[in-house]
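Chain residues, written in single-letter form:
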Amino acid sequence: MANRSGGRIRSISYAKYGYIFILPFFLVYAIFQIYPLFNTFYLSFFGNGKKIDEFVGFENFKTLLFGGGFAQQAAHDSFIRVLSNTFILWFGNFIPQIILSLVLAAWFTNARLKIPGKGAYKIIMYMPNIITAASAAALFVMLFSDSQLGAINAMLLKNGFTTETISFVSGKTEARVMIMIIQTWMWYGNTTIMLMSGIMGINGSLFEAASIDGASHTQQFFRITLPLLRPILLYTVVTSMIGGLQMYDMPALYNVGTSQNKFTETIAVYIFNNFHDTSLNNFGYSAAASVILFVITSVLGSVCFAINRDKDVKVKKSKKTSKLL
Amino acid sequence: MNMVEEKVNRSKPKPLDIIVTACMIILCVLSLIPIYVLVVNATRTSVDITGNGVSLIPGLNLFKNIETMLDWSATGKVQYDAFTGYINSAIIAFSCTFLTVLFAGATAYGVCVYDFRLKGPAYTFILAVMMVPVQVTSVGFYQFMSKIGLTDNYLPLIIPAIAAPQVVFFMRQYMKSSFPLEIVEAARIDGSNEFRTFFTIAIPMMKPAFAVQAIFAFVASWNNYYMPSMILVSREPNQMTLPMMVNTILSNDKLADFGAKYAAIMLSIIPVVVVYFIFSKFIVEGVALGGVKE
């Protein structure tokens, strides 16, 4: 009872500070994100190119999603292409990355493993992430250049592994696999550190208690580490997912010159080129594609959070029950 | 029993230890090799690179390559000027990091420490908008910025850093697990005002989270190619960020000297690598400190 009235007094006298602390965030977010978001929705109802000021209703969505006449069919086909490219590239780098990172994080935080030089490994594994994507793209394009002047192709030809040059940059599967590898190379260290910081946030005495009770390594990982890691793991999954859907730098930059490889063009590249290229000026298609991307992200995101909240509620309930007991 | 076993383990490495260490060394080599090859190629002649492919042995041509590259920038053959790029990227990245960490910390603190009517909706909002990718708003953002004449300006690249929902989410998670609210009450009893409590007690206690997030924010901003290339439409050489400059090398097919190209890419990553090695100890320590000690 005493506790409760204390809480009430606190909520009366300090509430305004809560608003003061969160005000800058919401102010800036409203101007630089909310308004642009609504502006994007608004633009998606207007035309493309020369008809940019013409209100067309849901025409852009209809074109992108279902096609129609000759010009519309082309727009539809390229939209479907960039959408599937995005999902292929996302899966291709996300799956190996999360598995690798989880294993590494478990190893790094395992006090019973004797690994000399842990600190150095962590620093080195995170390093590719610090390398600017534009620089990494430039490096890989030069190394894997399609022509025989490219370092890797030159080497393969010289040693007789291939008789023809391989199109690492302009090819279909070759370029996709390359981007998946580069993305994994750049991001696994980052993901590992995020997961590690979560594992290390787990109360060490839990592991001590478990090992005194005779719990094995594997048992500790699955019964303590993974369940308690859930918030950070969820965070990692969600941010990786968002990152995957908005993958732009590597697909946009890992190309021959300025010509975009059609097989690695992601939805983010498509959106950017359509509104930023003044020769296209396709604000309508670009905005409509953005809205579709928004819907996809929202659905995936809310599924993720529904799972999490459900478990949160269960935990809270069981906590309340234990308090009552 | 357990104690005895532990001692035995300590004196002799187990097979698992060796396997794990080997895996880690392999991964480290894979992580480093592209960067090593870049540095090596920056020291080789163009003829050597195109003729012999990848080599792990450095050449002697580094200064000649850098000279060629500087000559390119001086004669305007390519819009790559490492020094200007460093300054431009640093201005944006440092401002963004500072704003992100400070205001995300403040927002998380506000949501965590205080009880107010809109607390629930405010936090739910932050969780919801975490899902919104930049690309979704960029058409509207770009159109809005051109309308109010803020293209070719750094402000649209810096100010939005104040509102970083993902960082708020992370900070709040961290605060919930390792920032006891009793401390705030104790500070109040000792006569500290709310802002002083935030700056002198909460921030120092939250240092690991701030450090990790600051590094992530800095990396994200420094590496950002999307936003600068969207906002800096005129591609003014004295305004471009480093990633934009590197891209001009790649898209310029008139540059024939491969050694000099590699040297230019190498120069573009040197400052980040140096900054990283200063900060990396901090990040690893920060992560290590992140463990909740009772």
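Note that the structure is a prediction, hence the values are computed from the model and not measured. (Residues numbered from 1 in each chain as written. Chains lettered and ligands numbered in written order. Predicted model: local features only at pLDDT ≥ 70, side-chain atom pairs only at ≥ 80, totals over all residues. Heavy atoms only, no water.)

A.B. asks: Would you explain the overall build of chain B in this entry?
C.D. replies: Check the secondary structure of chain B and you find 15 helices and zero strands. Taken over 294 residues, chain B has a buried fraction of 56%. Sequence separation of at least 24 residues holds for 74% of the intrachain contacts in chain B that already meet a minimum separation of 6. When the accessible surface of chain B is split by element, carbon and sulfur atoms take 67% of a total near 13,200 Å². (Helix = DSSP H or I, 4+ residues; strand = E, 2+ residues; numbered from the N terminus. Buried < 20%, exposed > 50% of the residue type's maximum accessible area, 1.4 Å probe, protein only. Contact = heavy atoms within 4.5 Å. Areas by Shrake-Rupley, 256 points an atom, 1.4 Å probe, with all protein chains shown as cover.)

A.B. asks: Please explain unusual backbone geometry as it appears in this structure.
C.D. replies: Glycine aside, negative phi is the norm for most residues, and most peptide bonds take the trans geometry. Despite not being glycine, Asn-281 of chain A has its phi angle at roughly 55°, a positive value. Among the structural elements, Asn-281 of chain A can be located in the loop between helix H11 (267–276) and helix H12 (283–324). Here Asn-281 of chain A falls in the partly exposed class, since its relative accessible area comes to 25%. Positive phi, normally seen in glycine, also occurs at Asp-152 of chain B, with a value near 60°. Within the secondary structure layout, Asp-152 of chain B lies in the loop between helix H7 (134–147) and helix H8 (155–158). Here Asp-152 of chain B falls in the partly exposed class, since its relative accessible area comes to 24%.

A.B. asks: When you look at the pattern of salt bridges in this model, what are you seeing that I'm missing?
C.D. replies: When the charged atoms of two side chains with opposite charge come close together, those side chains can pair. A full pass over the atoms with the stated rule returns five salt bridges over all chains. Here Asp-48 of chain B makes a salt bridge to Arg-44 of chain B, at a shortest N to O gap of 3.0 Å. Looking at Asp-48 of chain B, the relative accessible area reads 24%, which means it is partly exposed. We note a salt bridge from Glu-194 of chain B to Arg-188 of chain B, for which the minimum N-O separation is 2.9 Å. Connected via shared salt-bridge partners are Arg-81, Lys-262 and Glu-265 of chain A. (Salt bridge = Lys/Arg side-chain N within 4 Å of Asp/Glu carboxyl O.)

A.B. asks: Mind showing me how you'd approach the packing of helix H5 (residues 82–113) of chain B against helix H14 (residues 242–251) of chain B here?
C.D. replies: When two helices pack together, their arrangement is captured by the angle between the axes and the distance separating the axes. All names here are of chain B. The N-to-C vectors of H5 and H14 enclose an angle of 145°; their axes lie 8 Å apart at closest approach. Residues Ala-82, Thr-84, Gly-85, Tyr-86 and Ser-89 of H5 lie in contact with H14, whose contacting residues are Leu-242, Pro-243 and Met-245. Broken down by class, the residue content of the contact of H5 with H14 amounts to five nonpolar, three polar and no charged. (Axes fitted to C-alpha atoms, helices over the stretch in contact; angles between N-to-C directions. Nonpolar A, V, L, I, M, F, W, Y, C, P; charged D, E, K, R; others polar.)

A.B. asks: Explain the interface of chain B and chain A to me, please; I cannot follow it from the model alone.
C.D. replies: Interface extent is often summarised as the accessible area lost during association of the parts. In this assembly, 112 residues from chain B lie in contact with 102 residues from chain A. Taken together, the connections running from chain B to chain A amount to zero salt bridges. Sort the elements by how many residues they give to the side of chain B that touches chain A and helix H2 (residues 15–42) of chain B lands first, with 17 residues.

A.B. asks: I keep staring at the packing of aromatic side chains and nothing clicks. Help me out?
C.D. replies: To describe a pair of aromatic rings, one takes the distance between the centres and the angle between the planes. Scanning the entire structure with this criterion turns up 45 aromatic pairs over all chains. Ring centres of Phe-25 of chain A and Tyr-29 of chain A lie 5.8 Å apart, and the angle between their planes is 5°; on these two criteria the pair is classed as stacked. With Phe-25 of chain A and Tyr-29 of chain A both in helix H1 (residues 2–43) and four residues apart, this pair spans about one turn of that helix. Like Tyr-29 of chain A, Phe-25 of chain A is buried. Aromatic side chains Tyr-248 of chain A and Phe-272 of chain A sit 5.2 Å apart centroid to centroid with 55° between the ring planes, which places their arrangement in the tilted category. Highlighted residues: Tyr-248 of chain A in the loop between helix H9 (217–245) and helix H10 (249–253) and Phe-272 of chain A in helix H11, separated in sequence by 24 residues. The buried category is assigned to Tyr-248 of chain A, whose relative accessible area is 6%. Ring pairs connect the aromatic residues Tyr-14, Tyr-17 and Phe-21 of chain A together with Tyr-109, Tyr-114, Phe-179, Phe-195, Phe-198 and Phe-199 of chain B, which therefore count as one cluster. The lysine or arginine in question, Lys-122 of chain A, covers the ring of Phe-108 of chain A, its NZ or CZ lying 5.7 Å from the ring centre. The cationic tip of Arg-172 of chain B hangs over the ring face of Tyr-123 of chain B; the distance from NZ or CZ to the ring centre is 4.0 Å. (Phe/Tyr/Trp six-rings, centres within 6.5 Å; stacked < 30°, edge-to-face > 60°. Lys NZ or Arg CZ within 6 Å of the ring centre and 35° of its normal.)

A.B. asks: What exactly am I supposed to notice about the packing of helix H4 (residues 118–130) of chain A against helix H12 (residues 207–223) of chain B here?
C.D. replies: Axis separation between H4 of chain A and H12 of chain B bottoms out at 10 Å; the angle between their running directions is 35°. Contacts between H4 of chain A and H12 of chain B pair Tyr-126, Asn-129 and Ile-130 of chain A from the former with Ile-215, Phe-216, Val-219 and Asn-223 of chain B from the latter. Here the contact of H4 of chain A with H12 of chain B is composed, by residue class, of five nonpolar, two polar and no charged.

A.B. asks: I tried to follow the environment of Asn-88 of chain B on my own but got confused; where do I start?
C.D. replies: All names here are of chain B. Position of Asn-88 among the secondary structure elements: in helix H5. Overall, the relative accessible area of 6% leaves Asn-88 in the buried class. Note: C-alpha distance between Asn-88 and Leu-242 (154 residues apart in sequence) is 7.5 Å. In this structure the side chain of Asn-88 is engaged in a polar contact, spanning 3.4 Å, whose partner is the side chain of Tyr-154. (Polar contact = N/O pair within 3.5 Å; in protein donor to acceptor, adjacent residues only side chain to side chain.)

A.B. asks: Could you clarify how one ought to interpret the side chain of Gln-183 of chain A in this entry?
C.D. replies: On the secondary structure map, Gln-183 of chain A appears in helix H7 (residues 173–200). Not counting residues within four places of it along the chain, the set of residues in contact with Gln-183 of chain A comprises Asn-93, Gln-97, Met-247 and Met-250 of chain A.

A.B. asks: How do you make sense of the confidence of the model for chain A when you look at a structure like this?
C.D. replies: Fine structural detail should not be taken from predicted coordinates in areas where pLDDT scores are low. All names here are of chain A. Looking at chain A, the pLDDT average stands at 83 and 89% of residues meet or exceed 70. Across chain A, the element-wise mean pLDDT spans from 71 in H12 up to 92 in H11. Across residues 1–12 the pLDDT falls below 50, and counting only partners more than four positions away or on other chains, this stretch makes five contacts in the model. In this model residues 320–325 is a low-confidence stretch, pLDDT under 50, and it forms zero contacts with partners more than four residues away in sequence or in other chains. (pLDDT = per-residue confidence, 0-100.)

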